[in-house]
Amino acid sequence: VQLVESGGGLVEPGGSLRLSCAASGFGFSIYPMRWYRQAPGKERELVAGISSAGGSTNYADSMKGRFTISRDNAKNTLYLQMNSLKPEDTAVYYCNVYFKEMDYWGKGTLVTVSS
């Protein structure tokens, strides 16, 4: 299993970013996927999840209405569109899959929200 995140960077408050996660090594289209994040000095937290076909999504309360999780099963890619970013969104963002009774993680992509 390989998960490779990209799309992070420095953005001003109120700005937007789109994260991507390229997946390989497992049947991407049949597994739910999740985005997590970990801010400096804090525990990793769930950001959003999506069902295998993409028809069902869920979000942490603080991300509802600002973030959108989606997937393209033809491209084996998971996305996270982040709008109205706030300084408290600064974190390393990870994609995650629970596959064969194990959690798999990418190396993460850093998002910094600062003026």
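Residues numbered from 1 in each chain as written. Predicted model: local features only at pLDDT ≥ 70, side-chain atom pairs only at ≥ 80, totals over all residues. Heavy atoms only, no water.

Novice: I'd like a rundown of the pairing of strand β8 (residues 77-82), residues and numbers included.
Specialist: With respect to burial, β8 is a largely interior element, five of its six residues being buried. Bridge count between strand β3 (residues 17-24) and β8: six bridges; the pairing is antiparallel. Paired with L19 across the two strands is L80, which belongs to β8. Of the strand pairs in this sheet, strand β7 (residues 67-72) and β8 are connected by six bridges, and their pairing is antiparallel. What sits directly across from F67, in β8, is M82. Here β7 folds back onto β8, and the loop between the two strands holds four residues, one of which, N76, carries a positive phi near 55°. (Buried < 20%, exposed > 50% of the residue type's maximum accessible area, 1.4 Å probe, protein only. Helix = DSSP H or I, 4+ residues; strand = E, 2+ residues; numbered from the N terminus. Pairing = 2+ DSSP bridges.)

Novice: Tell me about the packing of aromatic side chains, and please be specific about residues and values.
Specialist: Scanning all chains against the criterion turns up seven aromatic pairs. Measuring from ring centre to ring centre gives 5.2 Å for Y31 and F99, while their planes differ by 80°; the resulting arrangement is edge-to-face. In this pair, Y31 sits in the loop between β3 and β4 (33-38) while F99 sits in strand β9 (residues 91-99), placing the two residues 68 residues apart along the sequence. Centroid distance Y36 to W105: 4.9 Å. Interplanar angle 70°. Geometry classified as edge-to-face. With a gap of 69 residues between them, Y36 in strand β4 and W105 in strand β10 (residues 102-105) connect regions that are remote in the sequence. When its relative accessible area of 34% is taken as the criterion, W105 is described as partly exposed. An aromatic cluster of three or more residues is present, and its members are F26, F28, Y31, F99 and Y104. A cation over a ring is seen here: R18 above Y79, with NZ or CZ 3.9 Å from the ring centre. Above the plane of the ring of W105 lies R44, whose end atom (NZ or CZ) is 4.4 Å from the centre. (Phe/Tyr/Trp six-rings, centres within 6.5 Å; stacked < 30°, edge-to-face > 60°. Lys NZ or Arg CZ within 6 Å of the ring centre and 35° of its normal.)

Novice: Explain the state of the cysteines to me, and be specific about the residues and the numbers.
Specialist: Taken as a whole and judged by the stated rule, the model has one disulfide. Linked covalently through their sulfurs, C21 and C95 form a disulfide whose S-S length is 1.9 Å. In this structure the cystine formed by C21 and C95 twists about its S-S bond by roughly 50°; its chirality is therefore right-handed. Here C21, found in strand β3, pairs with C95, found in strand β9; they are 74 residues apart in sequence, far enough to count as distant. For C21, a relative accessible area of 0% gives the class buried. For C95, a relative accessible area of 0% corresponds to the buried category. (Disulfide = S-S within 2.5 Å.)

Novice: Help me get a handle on the pattern of salt bridges, residues and values and all.
Specialist: Two side chains of opposite charge can pair, provided their charged atoms sit close to one another. Overall, the coordinates contain four salt bridges when judged by the stated rule. Ionic pairing is found between R37 and D89, a salt bridge with its closest N-O pair at 2.9 Å. A residue pair is termed long-range when its members are at least 10 positions apart, and R37 in strand β4 and D89 in the loop between β8 and β9 qualify at 52 residues. The class for D89 is buried, based on a relative accessible area of 0%. Notably, a salt bridge pairs D61 with K64, separated by 3.2 Å at the nearest N-O pair. Judged by relative accessible area, which is 63%, D61 ranks as exposed. Connected through salt bridges with shared partners, the residues R37, E45, R66 and D89 form a single ionic network. (Salt bridge = Lys/Arg side-chain N within 4 Å of Asp/Glu carboxyl O.)

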